[in-house]
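Inside the fold
The chain contents come next:
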Amino acid sequence: MNYILQNVRAKAYTFGICLLLLSGLACKSETSSETPKATENGIEQIYLNNIKQSIVNLDAINTVENTNDKIDSYKKARQYFKLAEPILAYVDQNNYKSINAPNILQVHEDSPTDIKIRNPFGFQVIEELLHETPIDRSKIAEIVNITSSRLKLIEQNTHINLKDYHVIWLLRNQIVRIATTGITGFDSPVLGQSLKESQFTYETLEAILKLSESKFTSEILYKSLLCAIEKAKTALNADFDTFDRYAFIKNHIHPQLKLLVDAQNDWQVSFPFNLALSNELTSLFTEETLNMDFFTDYKSDTTNLANKVAFGKQLFNDKTLSKDRNMACATCHIKEKAFTDGRVTFDKRQKRNTPTLTYASNQQLYFTDARVGSLEGQIVGVVNNHDEFNMSMDSIITRVKSDKHYKYVLDTLYHNKREDFNIRHAIASYIRTLNTFDSKFDKNINNLENTLTAEEKRGFNLFMGKAACATCHFPPMFNGTVPPNFTDTELEIIGVPETSENKTLDDDLGRYDIFKTKERIGAFKTPTVRNIELTAPYMHNGVYNTLEEVVNFYNEGGGVGLGFNLEHQTLPFDQLDLTEDEQHAIVLFMKSLTDYTETNLNL
């Protein structure tokens, strides 16, 4: 779990949702029906009651002496926090993230002169402190007081104003949160209470649905949703390590998402805009799961998009756009290798391994060190790099316009004078098509095939549970962009070695080189695991040739487990203690994420 978070560019609709939720002043002309006042008040009352009870039990931690009594009070406080989670995470996303943050320094780098480093607080920090030997009573009291004070501030400043589409978004976000982080151990680092805590959040969803009963014209649909949630809660009565997450998502999460779409149609909900998750979401693992516009540059233009994609593909493969006319994007990003190059580094001038471009568009930060915030921005970096294209964008424009065909296409598709941006937009639009979600895993979990082996399913369950892989590589992209809001792309400090002998720490300082923030030494963006079978060698420096070596590295506990001195390693474990069979199953699962389409020519 990286928890070194990067603030991403503000989007108009992000601000919009805050205004819609908290001020109640926006979208007066939209047609969606208002949430009845009784329902709205009921949701607010549920929320405030749980916040209050969480505060009471948090404060009780500091009034008892016995450690076990402190832990009991913590568990109660945590239960009420989780009962409040579906609402809190929706109406106050930033406070939710702060209160539920891991016990790792929070680093925010907005600019070279605006770097904030904050000590963490909240439930996960308290949970870890309560299980240290011996416990630090003064530190526990300090963190409890800070956390309680934040919750009290939230309680005193709550006014919930929800329309029907807000309620649907809230429900959908929590269902997705349960599947992608709730059942993975993401935020229960010591107690391993993730499954039980997911049950608590379902209780709140049930309560919201019951308050919304009058909205349903179909009693069958209303009862079906409640029944689906009740069945999911029952399924969560399981052991964390052996829980069948594959079956849970396939048999519970996906049906719930489908029923929720039915509910929004039954309510005749009209959405004013799209968030990251599709408003028609019925599966976590399809091309339609995410709204691609959410991840695009704010100037993105979707008119004549298919033709712009075709134009971008031509530019992507054109070597004349580099200074010596000997390098195209496709030179390093080879289609048959999932748009990597199969080398440790492309040549001796490069420091880092070439990352895949498949699913690259579904993130908020680009380059391995997360130094830019859009695909269009990444293209500028490649063009200006003396060891790559070694050009300026002005020179690129000149070369593109010197080709009569290119000039005609550019002028025809883009009716403006933003030639620099238009060229980059075309290439980025092509890259955004490389997210096909049609791997063996995707086809099976979507009931299109029945070919996934027992070992591949076991590997997925380990990846999502005991092995803790999914606490950094979040589904559905299995990269570092955090669901369900997808506004943060995480970086990790894991301690990659210089060679496969695992004797010496690699000397690449990663994110540190951007702003010289010492807490970022060795921090790198979390890449996707999709198509990983085709993208060897692995890690930012290409140190490992096989997936078996990669899994063993994590099983040993990363760099710290190898004996390296890493003050800020972000892996959420010391050692995984996976058996050889378990490690093999994880490798088989990761290979099942290889796409079958012509994108990678895997047939």
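The paragraphs below set out a description of the structure included in this document. Given the structure is predicted, the values throughout are model-derived calculations rather than measurements.

Note that strand β1 (residues 106-111) and strand β2 (residues 114-118) share five bridges and pair antiparallel. Each residue of the ladder has a partner; that of Q106, found in β2, is R118. Counting the residues that bridge the hairpin from β1 to β2 gives two residues.

This next bit is on the state of the cysteines. Throughout the structure, instances matching the rule amount to zero disulfides. Free cysteine C329: the closest other cysteine sulfur is in C332, separated by 8.8 Å. Judged by relative accessible area, C329 falls into the buried class, the value being 17%.

Turning next to the pattern of salt bridges. This model, assessed by the stated rule, comprises 30 salt bridges. Here D369 and R352 are joined by a salt bridge, their closest N and O atoms 3.0 Å apart. Of the two residues, D369 is situated in the loop between α12 (329-332) and α13 (375-384) and R352 in the loop between α12 and α13; the sequence distance between them amounts to 17 residues. The network of salt bridges with common partners includes R78, K82, E85, D187 and E197.

So, on to the side chain of H540. By the element assignment, H540 lies in the loop between β4 (523-525) and α20 (547-555). On the accessibility criterion, H540 (11% relative accessible area) is buried. A distance of 2.9 Å separates a polar atom in the side chain of H540 from a polar atom in the side chain of D506. Apart from the residues within four sequence positions on either side, H540 is in contact with R352, N353, T368, V496, D506, D508 and F524.

A few words on the packing of helix α10 (residues 245-266) against helix α18 (residues 454-464). Between α10 and α18, the least distance of the axes is 8 Å, while the angle of their chain directions is 95 degrees. As judged from the angle between their axes, α10 and α18 are roughly perpendicular. Side by side, α10 and α18 meet where R245, Y246 and I249 of the first sit next to K457, F460, N461 and M464 of the second. Its residues placed into classes, the contact of α10 with α18 shows four nonpolar, one polar and two charged.

So, about the environment of E492. Within the secondary structure layout, E492 lies in strand β3 (residues 491-493). As a C-alpha pair, E492 and T570 span 78 residues in sequence and 5.8 Å in three-dimensional space. Polar side-chain contacts of E492 include one of 2.4 Å to the side chain of T570.

Cut-offs used in this document
- Residues numbered from 1 in each chain as written.
- Predicted model: local features only at pLDDT ≥ 70, side-chain atom pairs only at ≥ 80, totals over all residues.
- Heavy atoms only, no water.
- Pairing = 2+ DSSP bridges.
- Helix = DSSP H or I, 4+ residues; strand = E, 2+ residues; numbered from the N terminus.
- Disulfide = S-S within 2.5 Å.
- Buried < 20%, exposed > 50% of the residue type's maximum accessible area, 1.4 Å probe, protein only.
- Salt bridge = Lys/Arg side-chain N within 4 Å of Asp/Glu carboxyl O.
- Polar contact = N/O pair within 3.5 Å; in protein donor to acceptor, adjacent residues only side chain to side chain.
- Contact = heavy atoms within 4.5 Å.
- Axes fitted to C-alpha atoms, helices over the stretch in contact; angles between N-to-C directions.
- Parallel < 35°, antiparallel > 145°, perpendicular 65-115°, else oblique.
- Nonpolar A, V, L, I, M, F, W, Y, C, P; charged D, E, K, R; others polar.

What is shown is where atoms sit, not what they do.
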